Amino acid sequence: MSKFPEINRIPYEGPQSKNPLAFRYYDADRVIMGKKMSEHLPFAMAWWHNLGAAGTDMFGRDTADKSFGAQPGTMEHAKAKVDAGFEFMEKLGIKYFCFHDVDLVPEADDIKETNRRLDEISDYILEMMQGTDIRCLWGTANMFSNPRFMNGAGSTNSVDVFAFAAAQVKKALDLTVKLGGRGYVFWGGREGYETLLNTDMKFEQENIAKLMHMAVDYGRSIGFTGDFYIEPKPKEPMKHQYDFDAATAIGFLKQYGLDKDFKMNIEANHATLAGHTFQHDLRVSAINGMLGSIDANQGDPLLGWDTDEFPFNVYDATLCMYEVLKSGGLTGGFNFDSKNRRPSYTVEDMFYAYILGMDTFALGLIKAAELIEDGRLDQFVEEKYASWKGELGQKIRNGETNLAELAAYADEMGKPELPGSGRQEYLETVLNSVLFK
Ligand code: XUL
Ligand code: CO
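So, a few notes on the structure that sits alongside this text. (Residues numbered from 1 in each chain as written. Chains lettered and ligands numbered in written order. Predicted model: local features only at pLDDT ≥ 70, side-chain atom pairs only at ≥ 80, totals over all residues. Heavy atoms only, no water.)

## Quick notes on the coordination of the cobalt ion (ligand 2)
Piece 1. Protein ligation of the cobalt ion (ligand 2) involves E231 (OE), E267 (OE), D295 (OD) and D337 (OD), the donor distances falling in the range 1.9 to 2.1 Å.
Piece 2. Considering all 6 donor atoms around the cobalt ion (ligand 2), angles at the metal cover 79 to 174° and the coordination shape is octahedral.
Piece 3. Mapped onto the sequence, the donors of the cobalt ion (ligand 2) take the spacing E-x35-E-x27-D-x41-D. Of this pair, D295 sits in strand β11 (residues 291–295) while D337 sits in the loop between β12 (334–336) and α12 (347–374), and the two are 42 residues apart along the sequence. (Donors = N, O, S within 2.8 Å, 3.2 Å for Na, K, Ca; no water. Tetrahedral: all angles 85-135°; square planar, octahedral: opposite > 155°, others 65-115°. Helix = DSSP H or I, 4+ residues; strand = E, 2+ residues; numbered from the N terminus.)

Right under this line is the structure:
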């Protein structure tokens, strides 16, 4: 039985459409720079926000009804969520989903029973996948909500909690492989600390690396060929989180020999919480060959926490897609780790939110391709570094000179000319002229 009987398949109607249940920019088969929009933009539904989150915040209870006709906390409800999720994805033309283990089933007191429930629900999801081209984008284990993880999972002080976390990762990897997942995510929700007065930072970080190594070994042993991802975040829930931003996480992966198997899953709102632009963390990942996947959302510039809003900012989406196109595309996809605002509690709002997010990224893709084809940004950057093309620049780049030689060169020169204008205002005009033409 349909969970959304009042909603039909969402059509593409073009920018002039006033139909709220239609796409204006996301036209799955439209070809941009040689590839279909749907291939550039492998969108994913986040099981937790879309099928789970119902508006509870620190000051009030649920506003939305996400029971989907079943009693929450039961396996019947877990199945109703699968039904709702697949109908939702099909109506929007979304080809992927992302999940935490405990998004799929209610957690039992005993891990053996939780795992049995996970087997049952993943069989049901596999059944639902038959005859569709919907697949898992990535899976993960929730190792932050249960009180046992108050001091972390990989970084915990308790060896038993570490072992429990390892068991969850093992099962979540089994599920990811079973559901054809392209990736496996570590978001270190509680992998951090509140005070150094009670924390052995080095010990904790070494143990996180051990857990990740075990995950790689196990994943590869069961045929997982996808990427592992770290999803950096600077704070919330912990004051200090070890995966502060892309640069920190990449340094960690290199230090512990994990960089061949891991890439970044960059979340827009996490980058901005770290004091960066979304584009910055994407670029840091890309230049290290580690831009894997994206959690597509946006924060609120007035609020200092992770608001997980559906993205409407076309500037940010354009600059994101500029990075993605330049880096040759993602091996992962665009997971809407985003939730409706609490007063947007109806079924229509669930669809409006995804239409907004998908259209924003589709428009970002169109505009990023136009920016690249326009060529003025590339040309400016090329010319900005032109002095390096000369003999001296080449010698420095090739490691064929030294401080003494460069000092002698400087003596002869007396002083350099100014390095040339950065032309930021001109370049922002170029950006605007492409966005609003
Ligand atoms: C939390 C967050 C998570 C991860 C998966 O801020 O983004 O939902 O994406 O654990
Ligand atoms: Co996320």
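Additional details are given in the paragraphs that follow.
## Here we look at the nonpolar core
Piece 1. Ranked by size, the top nonpolar core spans 119 residues in total, and within it W47, L92, F97, F334 and F361 carry the most contacts.
Piece 2. In terms of residue count, the dominant contributor to this core is α12 (14 residues).
Piece 3. A domain split of this core shows at least three residues from each of domain 1 (31–374) and domain 2 (377–435).
Piece 4. Apart from the residues within four sequence positions on either side, F361 is in contact with L41, F43, F278, A296, P311, A317, C320, M321, F334 and F336. (Core = buried A, V, L, I, M, F, W, Y, C linked by side-chain atoms within 4.5 Å. Buried < 20%, exposed > 50% of the residue type's maximum accessible area, 1.4 Å probe, protein only. Domains from an automatic or database assignment. Contact = heavy atoms within 4.5 Å.)

## Some points on the side chain of Q298
Piece 1. One can find Q298 in the loop between β11 and α11 (314–326).
Piece 2. A relative accessible area of 11% means that Q298 is categorised as buried.
Piece 3. There is a polar contact of 2.9 Å between the side chain of Q298 and the backbone nitrogen of N313.
Piece 4. Ignoring sequence-local partners within four residues, the contact set of Q298 consists of N269, T307, D308, E309, F310, P311, F312 and N313. (Polar contact = N/O pair within 3.5 Å; in protein donor to acceptor, adjacent residues only side chain to side chain.)

## Considering the pattern of salt bridges
Any two side chains of opposite charge can pair, so long as their charged atoms come close to each other.
Piece 1. Evaluated as defined, the whole model comprises 26 salt bridges.
Piece 2. E382 is the salt-bridge partner of K389, the closest N and O atoms lying 2.9 Å from each other.
Piece 3. Relative accessible area serves as the criterion here: at 53%, K389 is assigned to the exposed category.
Piece 4. Here the residues in one salt-bridge network are K79, E113, R116, R117 and E120, joined through shared partners. (Salt bridge = Lys/Arg side-chain N within 4 Å of Asp/Glu carboxyl O.)

## Remarks on the sheet that holds strand β6 (residues 183–186)
Backbone hydrogen bonds are what pair the strands of a sheet, in a parallel or an antiparallel way.
Piece 1. If you trace the 8 strands once around the closed barrel, you get β3-β4-β5-β6-β8-β10-β11-β12, paired in parallel fashion. On average, adjacent strands in this sheet sit at an angle of 30° to one another, irrespective of strand direction.
Piece 2. Across 3 bridges, the pairing between strand β3 (residues 43–46) and β12 is parallel. Bridged to A44 within β12 is N335. (Pairing = 2+ DSSP bridges. Axes fitted to C-alpha atoms, helices over the stretch in contact; angles between N-to-C directions.)

## Side note on the packing of helix α10 (residues 278–287) against α11
Piece 1. Look at α10 against α11: their axes get within 9 Å of each other, and the N-to-C directions meet at 5°. Looking at the two axes, α10 sits roughly parallel to α11. Two secondary-structure elements touch here, α10 through F278, Q279, L282 and R283 and α11 through D316, L319, C320, Y322 and E323. (Parallel < 35°, antiparallel > 145°, perpendicular 65-115°, else oblique.)

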